[in-house]
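Letter by letter, the chains look like this.
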Amino acid sequence: MSETVTRIQVGGTAGTEPYEVLVGRQLLGELGGLIGNRVKRVAVIHPEALEDTGEALRADLAGQGFEAVAIQVPNAEEAKTAEVAAYCWKALGQSGFTRTDVIVGVGGGATTDLAGFVAATWLRGVRWIAIPTTVLAMVDAAVGGKTGINTAEGKNLVGSFHPPAGVLCDLAALDSLPVNDYVSGLAEIIKAGFIADPVILDLIESDPQAARTPAGPHTSELVERSIRVKAEVVSGDLKESGRREILNYGHTLAHAIEKNERYQWRHGAAVSVGMHFAAELGRLAGRLDDATADRHRTVLEAVGLPLHYRYDQWPKLLETMKVDKKSRGDLLRFIVLDGLAKPTVLEGPDPAILLAAYGEVGQ
Ligand SMILES: NC(=O)c1ccc[n+]([C@@H]2O[C@H](COP(=O)([O-])OP(=O)(O)OC[C@H]3O[C@@H](n4cnc5c(N)ncnc54)[C@H](O)[C@@H]3O)[C@@H](O)[C@H]2O)c1
Ligand SMILES: O=C(O)C(=O)C[C@@H](O)[C@H](O)[C@H](O)COP(=O)(O)O
Ligand SMILES: [Zn+2]
């Protein structure tokens, strides 16, 4: 049995099924109960880096009487492709996977995005459970039901809204995470701080070096606060018809950078540059005060996240941003801040302002 477990409810409004995000340690004992006893087969989708974890989960589920298969996929963004999704569909087909069976996605955000997408598309939708093992996946990717894959044309362009039946955030998983991956996840935590919960920023600023590792004094509070921000937003707007867009803060430029780097950059690093850009855009558009705009640079830099990207790439980035999911026709739309924790939409900014904002970011 787990020690202290925090339970955060997501959904349950506007006709959506509620589910819980559990945060604690030694949570894997909760998995069997979440899967349910009328289920025959379970497919555990895991990345190469977590081969042992995937196999241990499979063996444990088999010991509980499930027909369990492990499906290993590549690490990171290499997994978010149509080819890897097709590989998973094949494995499900070969194991006779039916509508009452369950997929478990264990890994970082790339793995949970893929596993959720496979669950959304197999037989037009089967239940799935997320076991995020990076800080980014715990606070953001595994919560809220956005699932998907990348294409050569852009990030997450193919996907579905398909919420999980439950999310198990076992903080012990973070101990094996390389520091760069841990720090990358801080970008989404800092995003939650700027758009909704500034206490997050205070906690990180109180000791930015300590915030760079899971051994820091505020890890569980930062994870829980960020999940609460995400849970509150997605519970009211699962399909992003309005307010959910605020979770895309910094992402318009970030996704263009990721595509430009052929998905070799970590998402969180790109979001960091993207938030720096959004802050400068907000400032130049006369929305954001100087102190809050400057705070983006100081807090992101203090934890070791990047602020800059190649200046000469601007024309390509601008083209890519035009097909961002928030665009409407020819209208570019950005999330900016009207002040701390006051996110809003900036529609069709003057191209000169866009270029000037990128002038602060480009190097
Ligand atoms: N669906 C959403 O709402 C949402 C939200 C935010 C981000 N995302 C997506 O999440 C992805 C980024 O996720 P990420 O930052 O977790 O990166 P990631 O999934 O690429 O994981 C980073 C690396 O760490 C490895 N790894 C995972 N857990 C580990 C552990 N405990 N120990 C050692 N290695 C481990 C992975 O195999 C991978 O190589 C992006 O594709 C992004 O688009 C989705
Ligand atoms: O959950 C959301 O909504 C978000 O925008 C969260 C983002 O952090 C995440 O990267 C998401 O996958 C981006 O979604 P997209 O629709 O812009 O691809
Ligand atoms: Zn993101």
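Residues numbered from 1 in each chain as written. Chains lettered and ligands numbered in written order. Predicted model: local features only at pLDDT ≥ 70, side-chain atom pairs only at ≥ 80, totals over all residues. Heavy atoms only, no water.

For the chain, an unreviewed UniProt entry supplies the name 3-dehydroquinate synthase and the organism Streptomyces bottropensis. UniProt, in the comment section headed Subcellular location (unreviewed entry), describes the chain in these words: "Cytoplasm". On record in UniProt, under Catalytic activity (unreviewed entry), the comment for the chain is "7-phospho-2-dehydro-3-deoxy-D-arabino-heptonate = 3-dehydroquinate + phosphate". (UniProt positions renumbered as here; feature names shortened; annotations may be inferred.)

(A) Geometry of the site of ligand 1. In the vicinity of ligand 1, 28 residues are found, and the nearest of them are E77, G109, T133, T134 and S176. Between ligand 1 and the protein, one listed contact pairs an oxygen atom with a side-chain N or O atom of K155 at 3.0 Å. A173 is positioned with one of its backbone polar atoms (N or O) 3.0 Å from a nitrogen atom of ligand 1. In isolation ligand 1 has 870 Å² of accessible area, and contact with the protein removes 93% of it. Elements supplying a minimum of two residues to the shell around ligand 1: α4 (109-121), α5 (135-141), β8 (154-161) and α6 (179-195). Residues of the shell around ligand 1, tallied by class, amount to 10 nonpolar, eight polar and 10 charged. (Near = heavy atom within 4 Å. Polar contact = N/O pair within 3.5 Å; in protein donor to acceptor, adjacent residues only side chain to side chain. Areas by Shrake-Rupley, 256 points an atom, 1.4 Å probe, with all protein chains shown as cover. Helix = DSSP H or I, 4+ residues; strand = E, 2+ residues; numbered from the N terminus. Nonpolar A, V, L, I, M, F, W, Y, C, P; charged D, E, K, R; others polar.)

(B) Region of the structure containing the sheet that holds strand β5 (residues 102-107). Judged by pairing direction, the sheet is mixed, and its seven strands sit side by side in the order β1-β2-β9-β6-β5-β3-β4 without closing on themselves. The sheet is open, and its two borders are formed by β1 (6-10) and β4 (67-73), each paired with just one other strand. The sheet shows a mean angle of 15° between the axes of neighbouring strands, taken without regard to direction. Pairing of strand β6 (residues 127-132) with strand β9 (residues 166-170) involves two bridges; the strand directions are parallel. The residue of β9 that forms the bridge with A130 is V167. Sitting on the sheet, helix α2 (residues 51-63) is in contact with β3 (41-47), β4, β5 and β6, with an inclination near 170° to β3. Here helix α9 (residues 219-236) sits on the sheet and contacts β1, β2 (19-24) and β9; the angle it forms with β1, its principal contact strand, is near 20°. (Pairing = 2+ DSSP bridges. Axes fitted to C-alpha atoms, helices over the stretch in contact; angles between N-to-C directions. Contact = heavy atoms within 4.5 Å.)

(C) Quick look at the packing of α6 against helix α11 (residues 267-284). For the pair α6 and α11, the least separation of the axes is 6 Å and the interaxial angle reads 40°. The pairing of α6 with α11 is recorded here as oblique in orientation. Relative to α11, α6 is oriented so that their crossing is left-handed. Residue-level contacts link S184, A187, E188, I190 and K191 of α6 to H267, G268, A269, V271, S272 and M275 of α11. Partitioned by chemical class, the residues of the contact of α6 with α11 number five nonpolar, four polar and two charged. (Parallel < 35°, antiparallel > 145°, perpendicular 65-115°, else oblique. Left-handed = near helix turned anticlockwise from the far one by under 90°.)

(D) Main features of the environment of L332. Position of L332 among the secondary structure elements: in the loop between α13 (314-321) and β10 (333-337). Distance from L332 to P349, taken between C-alpha atoms, is 7.4 Å for residues 17 residues apart in sequence.

(E) Quick peek at the nonpolar core. Within the largest apolar cluster, 93 residues are counted, with the highest numbers of intra-cluster contacts made by V21, I103, L114, I190, L253 and F277. Looking at which element gives the most residues to this core, the answer is α6, with nine residues. The contacts of V21, once residues within four sequence positions are left out, are T6, R7, I8, V10, V143, V167, C169 and I227. The next biggest cluster of nonpolar side chains, apart from the first, holds 17 residues, and it includes L57, L61, F66 and V102. (Core = buried A, V, L, I, M, F, W, Y, C linked by side-chain atoms within 4.5 Å. Buried < 20%, exposed > 50% of the residue type's maximum accessible area, 1.4 Å probe, protein only.)

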